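Summary of the model geometry
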Amino acid sequence: MIKKRLFIKILVTYLCIIISTLTMLGILLSFLLNNFFIYNKQMEMLVKANDINKLVQPFLVKKRDPGELIRLLNSADRNLGTEIWVIDPNGFVIAAAADQKAHEGNLVGADDILEMQQGKVSIRKGKSQLYDETVLWVITPVQENNRVIGGIIMYSPIIGITQTMTKVKNLFIYSAVVSILFSAVVVYFFSRYLTGPLQEMNRVAKQLASGNLAERVSVKQGDEIGDLGMAFNHMASEIQKNEKVRRDFLADVSHELRSPLTSIQGFVEAMIDGKDKTPEQRQKYLGIIHDESLRLARLVNELLDLSKIESGTVEIAREPVDMTEIVQDVITKAKAVVNDKKIKLYRENPGRSVMVMGNRDRLGQVMTNLLANACRFAPSGSEIGVIISENAADVKVTVRDEGEGIPEAELPYIWERFYKVDKARSRGQGGTGLGLAIVKHIIQSLGGRVFASSSNTSRTEIGFILPKAAIPPGYPE
Ligand SMILES: Nc1ncnc2c1ncn2[C@@H]1O[C@H](COP(=O)(O)OP(=O)(O)OP(=O)(O)O)[C@@H](O)[C@H]1O
Ligand SMILES: [Mg+2]
């Protein structure tokens, strides 16, 4: 259906252009031709009238009949269809070229001879009933010593003007018909060229809407339609990808929620069945239930937090903050936790305030996450370092540990939600797999980027780079 409608629309546009152009051209051309013919004829008649005038003048002066002369001249010009009359000063025809009986002795129109009597040449134009043509007549006075002694009237239809105009008109009609036919063919192919891809996109869009996300269009044009096809396919891929992310996410969430829930359920059932015989056992069961419910709560909170940062519903305010201060705070808190693992925490920094554009609370959260990971994977007695370095534009914070590291192939994925390198290992240690995803989103929304590297010789470096901020005036360096 689109095809027909588009075809008709384009065709109508073409027709309007062709017809209006040809009509305008036709009007202009016929006007110009008409003027050209008339002007030429006038010039020709004036020259001839002048010549005849000179020949006739001696006859009139000597009062002889110029009839023979006129008839002679006129017969030579027969093909031009010019009539020549010689008149006396009062307008009576003295001599007529062709049909002398019919004209001689007649009086010509008074308005025609008025100017002649004053010694002026006049040219007139009118429509002849005889020929159905435009006719011109030239009246020239014949003079002797500045006295009008007679006149010559030349009367001529502008032969061929009507015929030529008809020819021109026909030519225009033919060319209009030909170009209309031609454009109909062109428009037909053009509209097919346009509508083919459109119809296909239409079909594929319906397929996508009905859930068939693998459908793509095959549009190969190298123009805007091709671009549209590519954009369309890109959109379809994005929809497909989002759909996959959504499904995976749902699966991950349910999976993560299931294990603590199963655990809680199991211990509660055991208690209902009276399996907690001693108060110690009871205490142990309740402790596990408590831990699992805390873990559930943490999972849900982190999920909420992540979705808020991701969707941008929480605005993370940015202001210049001192990175060394934040790192120091987090290290102090972490020390209390890692004491029993005998891990040594150290810090390297430029020895002065390093300001970044960030948010104190959120950067604290980031550092806590990174340090918690490092502490979790670092063996007892090893060292964990936080290194702050800077260049002209950025500040780089790296958390380095000497744990078992992350396999090269897994590195790009650690930033994804729920991703854990070794599922069994992390679960036992209570990880949700959301920590680094939250870190990445916080850093990105602060205009920075994250990085991770790990060598098999067990040195893992995970950190971020943030744009530097100027140190506010009066701030201790
Ligand atoms: N320093 C590290 N050394 C080795 N592996 C790490 C390190 N940091 C992160 N990982 C790996 O990356 C995974 C993802 O880390 P992430 O912080 O996102 O989740 P988590 O620590 O398991 O859970 P959560 O942070 O929510 O408690 C971890 O499960 C772990 O396998
Ligand atoms: Mg973590």
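The following refers to the structure shown. Since the structure is predicted, the reported quantities are computational estimates derived from the model, not experimental observations.

So, about the site of ligand 1. Close to ligand 1 lie 23 residues; Asn373, Val421, Gly431, Gly435 and Leu436 are nearest. Only helix 9 (360-377), helix 11 (435-445) and strand 12 (459-467) provide two or more residues apiece to the shell around ligand 1. A total of four residues in the shell around ligand 1 trace back to one element, the largest contributor, which is helix 9. For the shell around ligand 1, the per-class residue count stands at ten nonpolar, ten polar and three charged.

Because each turn of an α-helix spans 3.6 residues, side chains separated by three or four positions in sequence point in the same direction. With 49 residues, helix 5 (residues 161-209) ought to run about 72 Å at 1.5 Å a step, and its terminal C-alpha atoms sit 68 Å apart, in line with that. Residues of helix 5 that are buried: Val187, Ser191 and Val204. Downstream of helix 5 by a residue or two, glycine 211 has a phi angle that is positive, lying close to 100°.

We now examine the sheet that holds strand 4 (residues 134-144). Spatial strand order, 2-1-5-4-3: five strands in an open sheet with antiparallel pairing. Only two strands of the sheet have a single neighbouring strand rather than two, namely strand 2 (93-96) and strand 3 (122-127). Neighbour-to-neighbour, the strand axes of this sheet turn through a mean angle of 20°, independent of strand direction. Looking at chain direction, strand 1 (residues 83-87) and strand 5 (residues 147-157) are connected through five bridges and run antiparallel. Along strand 5, the bridge assignment pairs tryptophan 85 with isoleucine 153.

Attention shifts here to the sheet that holds strand 9 (residues 383-390). A sheet is described by the order of its strands in space; here five strands give the open sequence 7-9-10-12-11, paired in mixed fashion. Two strands close off the open sheet at either side, each with one partner strand: strand 7 (344-348) and strand 11 (449-455). Strand-to-strand twist of the sheet, defined as the mean angle between neighbouring strand axes without regard to direction, takes the value 15°. Bridging between strand 9 and strand 10 (residues 394-401) involves six bridges; their strand directions are antiparallel. Across the sheet, residue isoleucine 387 finds its bridge partner in strand 10, namely threonine 398. Docked against the sheet, helix 9 engages strand 9, strand 10 and strand 12, running at close to 25° with respect to strand 10. Packing of helix 11 onto the sheet brings it into contact with strand 11 and strand 12, and relative to strand 11 it is tilted by some 135°.

This part takes up the nonpolar core. One finds Met323, Val366, Met367 and Leu370 to be the most contacted residues of the largest nonpolar core, which totals 41 residues. Secondary structure elements with two or more residues in this core: helix 8 (323-338), strand 8 (355-358), helix 9, strand 9, strand 10, helix 11 and strand 12. With seven residues, the single largest contributor to this core is helix 9. Apart from residues lying up to four places away in sequence, valine 366 is in contact with Val439, Ile442, Ile443 and Phe464.

Turning our attention to the pairing of strand 9. Here five bridges tie strand 7 to strand 9, and the two strands are oriented parallel to one another. Counted as the bridge partner of leucine 345 is isoleucine 384 from strand 9.

Glycine aside, residues mostly have negative phi angles, and peptide bonds mostly take the trans form. Even without being glycine, asparagine 145 reaches a positive phi, approximately 50°. Following the sequence through the fold, asparagine 145 ends up in the loop between strand 4 and strand 5. The backbone of lysine 342 shows a phi angle near 55°, a positive value even though the residue is not glycine. Mapped onto the elements of the fold, lysine 342 is located in the loop between helix 8 and strand 7. Of the residues examined, lysine 342 has 10 C-beta atoms within 10 Å and is grouped as exposed.

Another aspect to go through is the packing of helix 9 against helix 11. Running from N to C, helix 9 and helix 11 point in directions that differ by 145°, and their axes come no closer than 10 Å. At the point where helix 9 passes helix 11, the crossing takes the left-handed sense. Where helix 9 approaches helix 11, its residues Arg362, Gln365, Val366, Asn369, Leu370, Ala372 and Asn373 are matched on the opposing element by Gly435, Leu436, Ile438, Val439, Ile442 and Ile443. Its residues placed into classes, the contact of helix 9 with helix 11 shows eight nonpolar, four polar and one charged.

About the cut-offs
Residues numbered from 1 in each chain as written. Chains lettered and ligands numbered in written order. Predicted model: local features only at pLDDT ≥ 70, side-chain atom pairs only at ≥ 80, totals over all residues. Near = placed C-beta within 6 Å. Helix = DSSP H or I, 4+ residues; strand = E, 2+ residues; numbered from the N terminus. Nonpolar A, V, L, I, M, F, W, Y, C, P; charged D, E, K, R; others polar. Expected span 1.5 Å × (residues − 1). Buried ≥ 20, exposed ≤ 12 C-beta atoms within 10 Å, placed from the backbone. Pairing = 2+ DSSP bridges. Axes fitted to C-alpha atoms, helices over the stretch in contact; angles between N-to-C directions. Contact = placed C-beta atoms within 7 Å. Core = buried A, V, L, I, M, F, W, Y, C linked by C-beta atoms within 7 Å. Left-handed = near helix turned anticlockwise from the far one by under 90°.

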